[in-house]
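Listed below are the residues making up each chain.
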Amino acid sequence: MARKNLTFHLAERPKGNIVPGKTFNLVETDAPTADDLKDGQLLVENIYLSLDPAMRTWLYDIRSYTPPVAIGEKMRGGAIARVLASKSSKAKEGEFVFARSGWTEVAVVGEAEFDTIDLPKGTQLTHAIGAAGMTGLTAYFGLTEIGKPKAGETVVVSGAAGATGSVVGQIAKINGARVVGLAGSDEKCKVLTEELGFDVALNYKAPTFAEDFVKATPDYIDVYWDNVGGDILEKALARAAPHSRFVICGGISGYNSLDQENHGIRNIFQVITQRIRMEGFIVFDYRDRYPEGKKQLGQWIAEGKLKAKETIVKGGLKVADAAMSSLFDGGNTGKLLVEVKPIDQEEVSRYVTKYLAR
Ligand SMILES: NC(=O)c1ccc[n+]([C@@H]2O[C@H](COP(=O)([O-])OP(=O)(O)OC[C@H]3O[C@@H](n4cnc5c(N)ncnc54)[C@H](OP(=O)(O)O)[C@@H]3O)[C@@H](O)[C@H]2O)c1
């Protein structure tokens, strides 16, 4: 009997946060098979699906860095996937790859749609999608190329307990900076200071946040890492040091309302008075340098200098839409993944020992 395959397709452009069971249609079809492969292609099954706030921005019909997902189109996304059959010289059956295979269980991907996984000993397979994958690379290149923190400087990170922010703060510590993390709960703040080595962590939902923020930045902010935008960015502008660098990585607080009229940014005048350098970037800008970034991040993880936090949601592909909406309620600490297919952890260990032990 043919294997069945679940896939999410965009049903409608949401107003506000995505609505599980409504924004996407979950469709069951027969899965593709090895017979469908053309030269250069792989048949893969997704194991861990990456969920990223930016996916929400792909659901608008607006000008962006990537075309919008069309109504009826398979939802785009990346996953750690196992190769079921191969007609590519780049990956063999049984190997794991990072595949841009979308929100589905089984897919055919061409060579431009997958990357082989190459991590050093001491790392885990899931790190290839988080701390030594796309979000880690975002942190690494954004901080080293734009933020450029120096020892003793104050680095403030918003969205600090998330996938990108948690790596940003730890790299800033490796560079000798004083690091202040902002997160949405006391539990997350505890993780930042007690597990990840941040100097200070502030709960931005606390009623005392405005005063706490001023107290935590007595020498002002030299590098501000923005993952959230909105009024936290405005508060950071008011605390900017002369010649500070503002790395504009994301603005999740506005992602559910990009179709509404955008408001101005208060305190933007400080960009002039404090000669702030404010720069946005997309991690893809550094595509040619990914091997360098992955090597460094993997090495830090292996040496215990970088801790890779993850939230893995179980329940198969069908929970992906609910898991994605949870990003906007702070449901994750570290990288958010959906376990599309439970995997024998011994198989993973054998794989890691065989392939990732370089
Ligand atoms: N420029 C690039 O190339 C690039 C690449 C990757 C990611 N990004 C951006 O980086 C940011 C973080 O992405 P990620 O993948 O690492 O996700 P993440 O930080 O792991 O998850 C999102 C987190 O954002 C926080 N959040 C949600 N709504 C918020 C709000 N209204 N105000 C403040 N915080 C809010 C939540 O944590 P709390 O509990 O703390 O609220 C949530 O856990 C996103 O803006 C994303 O678009 C940019």
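Residues numbered from 1 in each chain as written. Predicted model: local features only at pLDDT ≥ 70, side-chain atom pairs only at ≥ 80, totals over all residues.

Considerations on the site of the ligand
Close to the ligand lie 30 residues; G162, T164, G184, G250 and G330 are nearest. Those elements that place two or more of their residues in the shell around the ligand are α2 (134-147) and α3 (163-174). The element best represented in the shell around the ligand is α3, accounting for three residues. Looking at the shell around the ligand residue by residue, the class counts come to 14 nonpolar, 14 polar and two charged. (Near = placed C-beta within 6 Å. Helix = DSSP H or I, 4+ residues; strand = E, 2+ residues; numbered from the N terminus. Nonpolar A, V, L, I, M, F, W, Y, C, P; charged D, E, K, R; others polar.)

Quick look at the packing of α2 against helix α8 (residues 290-302)
Two elements in contact, α2 and α8, have axes whose closest approach is 10 Å; the angle formed by their N-to-C orientations is 100 degrees. With respect to each other, α2 and α8 are oriented roughly perpendicular. Where α2 approaches α8, its residues G136, L137, Y140 and F141 are matched on the opposing element by Y290, G293, K294, Q296 and L297. For the contact of α2 with α8, the class distribution of residues is five nonpolar, three polar and one charged. (Axes fitted to C-alpha atoms, helices over the stretch in contact; angles between N-to-C directions. Parallel < 35°, antiparallel > 145°, perpendicular 65-115°, else oblique. Contact = placed C-beta atoms within 7 Å.)

Quick look at the domain arrangement of the protein
Domain annotation of the protein identifies domain 1 (4-130 + 310-355) and domain 2 (134-285). If you average the C-alpha positions of domain 1 and of domain 2, the two centres end up 28 Å apart. Listed per partner, the contact involves 16 residues of domain 1 and 17 residues of domain 2. Every element with two or more residues in the side of domain 1 that touches domain 2 is listed here: α1 (54-57) and β15 (335-339). By residue class, the composition of the side of domain 1 that touches domain 2 is six nonpolar, eight polar and two charged. (Domains from an automatic or database assignment.)

Describing the pairing of strand β4 (residues 79-86)
Most of β4 is tucked away, with seven of its eight residues classed as buried. As judged from the seven bridges shared by strand β3 (residues 42-50) and β4, these two strands associate in the antiparallel manner. Across the sheet, the residue bridging to L42 is S86, located in β4. Two elements, β4 and strand β5 (residues 96-99), share four bridges in a ladder whose sense is antiparallel. If you follow R82 over to β5, its bridge partner there is F96. (Buried ≥ 20, exposed ≤ 12 C-beta atoms within 10 Å, placed from the backbone. Pairing = 2+ DSSP bridges.)

Focus on the sheet that holds strand β11 (residues 221-226)
Spatial strand order, β10-β9-β8-β11-β12-β13: six strands in an open sheet with parallel pairing. Looking at which strands have only one partner, the edges of the open sheet turn out to be β10 (200-203) and β13 (277-280). Sheet twist, expressed as the average angle between the axes of neighbouring strands with direction ignored, equals 15 degrees. Note: strand β8 (residues 154-157) against strand β9 (residues 178-183), four bridges, orientation parallel. Within the sheet, the bridge partner assigned to V157 lies in β9 and is G181. Strands β8, β11, β12 (240-248) and β13 of the sheet are contacted by α2, whose axis makes an angle of about 145 degrees with β12. Across the sheet, helix α6 (residues 230-238) is in contact with β8, β9, β11 and β12; its angle to β11 comes to roughly 170 degrees.

A few points about α2
With 14 residues, α2 extends 18 Å between its outermost C-alpha atoms, agreeing within 8% with the 20 Å of an ideal straight helix rising 1.5 Å per residue. Judged by how many residues are buried, α2 sits mostly within the fold: 11 of 14 residues are covered. Restricting attention to buried positions, one finds in α2 the residues M134, T135, G136, L137, T138, A139, Y140, F141, G142, L143 and G147. Where α2 is buried, its residues contact β8, α3, β11, β12, α8 and β15. Backbone geometry just downstream of α2 places K148 in the positive-phi region, at approximately 45 degrees. (Expected span 1.5 Å × (residues − 1).)

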